[in-house]
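Read off the chains here:
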Amino acid sequence: MRMTKKIREEQLAILEKIYAGAKPALLFRNPFELLIAVILSAQCTDKRVNVTTARLFQKAATPEAILALGLEQLEDEIRDCGLFRNKAKNILATCQILCEKYGGEVPDDFAALQTLPGVGRKTANVVESVGFHHPAIAVDTHVFRVSNRLRLAVGSTPLEVEQGLRKAIPMDKWSDAHHWLIWHGRKVCKARKPLCDGCPLASVCPSFSPAAEGA
DNA sequence: CTCCCGATAT
DNA sequence: ATATCAGGAG
């Protein structure tokens, strides 16, 4: 199948129709809780993160309070999410910087966010998009995989795919499209065994393979 | 590129 | 048993 601008528009129209109103899977009450939840979400399911943050935020829901927990107690709180030593160290260092340089608030600044320990491009994009409602496209494992399979945007790195998506999607829909692609990746276009049979995008998907092990 | 890492789905 | 999960740092 040859990819054209028209096919990409059809793909987006179908995604919008199916996943209209898609919300973030992570639970949070403010930009700080979102930031912590996203740091914890690396190589971990959102479901597990939500269990962990519910327990954590009940005990400590501000940078000051999390700093007061200390390293060992924070490690115990987040152990189930995996990569817990790195994440605990990064969360404490990030909270320290938030308190010292940003008055205990999460900065609404893409570059500043990326200087925080444990916060890379993907996490900074999520905070800008979901936390502060600015146009941004965070390319996580789902967005990366689904975009490449659809050829909606092709790339060997998340940054390449992000730049491709910026061209393929109108800016006013960047944040919504980010969620459409995530939910499609979670529910249908799964990493291991994509449910190609019955996929609403089958007719516009170059990777469609019926009853097979996927692409 | 490797390492970090427990929980879950297949 | 092993691939994968809202990645980032060295």
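Per an unreviewed UniProt entry, the recorded name for chain A is Endonuclease III, and the organism is Selenomonas montiformis. In its Catalytic activity (unreviewed entry) section, the UniProt record describing chain A reads: "2'-deoxyribonucleotide-(2'-deoxyribose 5'-phosphate)-2'-deoxyribonucleotide-DNA = a 3'-end 2'-deoxyribonucleotide-(2,3-dehydro-2,3-deoxyribose 5'-phosphate)-DNA + a 5'-end 5'-phospho-2'-deoxyribonucleoside-DNA + H(+)". Under the UniProt heading Sequence similarities (unreviewed entry), the note attached to chain A is "Belongs to the Nth/MutY family."

Caption draft 1: A look at unusual backbone geometry. One non-glycine residue, Leu83, lies in the positive phi region at around 50°. With respect to the helices and strands, Leu83 occurs in the loop between helix H5 (71-78) and helix H6 (84-101). Backbone geometry at Arg151 places phi at a positive 60°, although glycine is not the residue there. With a relative accessible area of 33%, Arg151 lands in the partly exposed category.

Caption draft 2: Representation of the protein's contact with DNA strand B within the structure. The immediate surroundings of DNA strand B are formed by Gln43, Arg48, Arg79, Asp80, Gly82, Leu83, Phe84, Arg85, Asn86, Lys190 and Arg192. When the atoms of DNA strand B within 4 Å of the protein are sorted by group, sugar and phosphate make up 63%. At 3.3 Å, a side-chain N or O of Asp80 approaches a phosphate oxygen of DNA strand B. Between DNA strand B and Arg192 there is a distance of 3.1 Å, counted from a base oxygen to a side-chain nitrogen or oxygen. In terms of residue count, H6 provides more of the surface near DNA strand B than any other element does, 3 residues in total. Taken together, the residues of the surface near DNA strand B break down into 2 nonpolar, 3 polar and 6 charged.

Caption draft 3: Spatial organisation of the nonpolar core. Grouped together as the largest cluster of nonpolar side chains are 35 residues, with contacts concentrated most on Leu35, Ile36, Leu56, Ile66, Leu74, Ile91 and Val106. Going through the elements one at a time, helix H2 (31-40), helix H3 (46-59), helix H4 (63-69), H5, H6 and helix H8 (121-131) are the ones with two or more residues in this core. Once residues lying within four places of it in the same chain are set aside, the contact partners of Leu74 are Leu56, Ile66, Leu69, Ala88, Ile91 and Leu92.

Caption draft 4: Quick peek at the protein's contact with DNA strand C. Lining the immediate environment of DNA strand C, one finds 27 residues, of which Asp46, Thr123, His142, Arg145 and Arg192 sit closest. Across the atoms of DNA strand C situated within 4 Å of the protein, the share located in sugar and phosphate is 61%. Lys122 places a side-chain nitrogen or oxygen 3.4 Å from a sugar or linking oxygen of DNA strand C. Elements supplying a minimum of two residues to the surface near DNA strand C: H8, helix H9 (141-150) and helix H11 (174-187). A per-element tally of the surface near DNA strand C places H11 first, with 4 residues.

Caption draft 5: Spotlight on the UniProt feature "domain: HhH-GPD" (unreviewed entry) in chain A. Annotation from UniProt places "domain: HhH-GPD" (unreviewed entry) at residues 40-187. Along residues 40-187, the helical share is 67% and the strand share 0%, with 22 Å between the first and last C-alpha atoms.

Caption draft 6: Spatial organisation of the packing of H9 against H11. Across the interface, H9 lies against H11 with an axial gap of 8 Å and an inter-helix angle of 85°. Between H9 and H11, the interaxial angle falls into the category roughly perpendicular. Residues His142, Val143, Arg145, Val146 and Ser147 of H9 form the contact with H11, whose own contacting residues are His178, Leu181, Ile182, His184, Gly185 and Arg186. Tallied by class, the residues present in the contact of H9 with H11 amount to 4 nonpolar, 5 polar and 2 charged.

Cut-offs used in this document
Residues numbered from 1 in each chain as written. Chains lettered and ligands numbered in written order. Predicted model: local features only at pLDDT ≥ 70, side-chain atom pairs only at ≥ 80, totals over all residues. Heavy atoms only, no water. UniProt positions renumbered as here; feature names shortened; annotations may be inferred. Helix = DSSP H or I, 4+ residues; strand = E, 2+ residues; numbered from the N terminus. Buried < 20%, exposed > 50% of the residue type's maximum accessible area, 1.4 Å probe, protein only. Near = heavy atom within 4 Å. Polar contact = N/O pair within 3.5 Å; in protein donor to acceptor, adjacent residues only side chain to side chain. Nonpolar A, V, L, I, M, F, W, Y, C, P; charged D, E, K, R; others polar. Core = buried A, V, L, I, M, F, W, Y, C linked by side-chain atoms within 4.5 Å. Contact = heavy atoms within 4.5 Å. Axes fitted to C-alpha atoms, helices over the stretch in contact; angles between N-to-C directions. Parallel < 35°, antiparallel > 145°, perpendicular 65-115°, else oblique.

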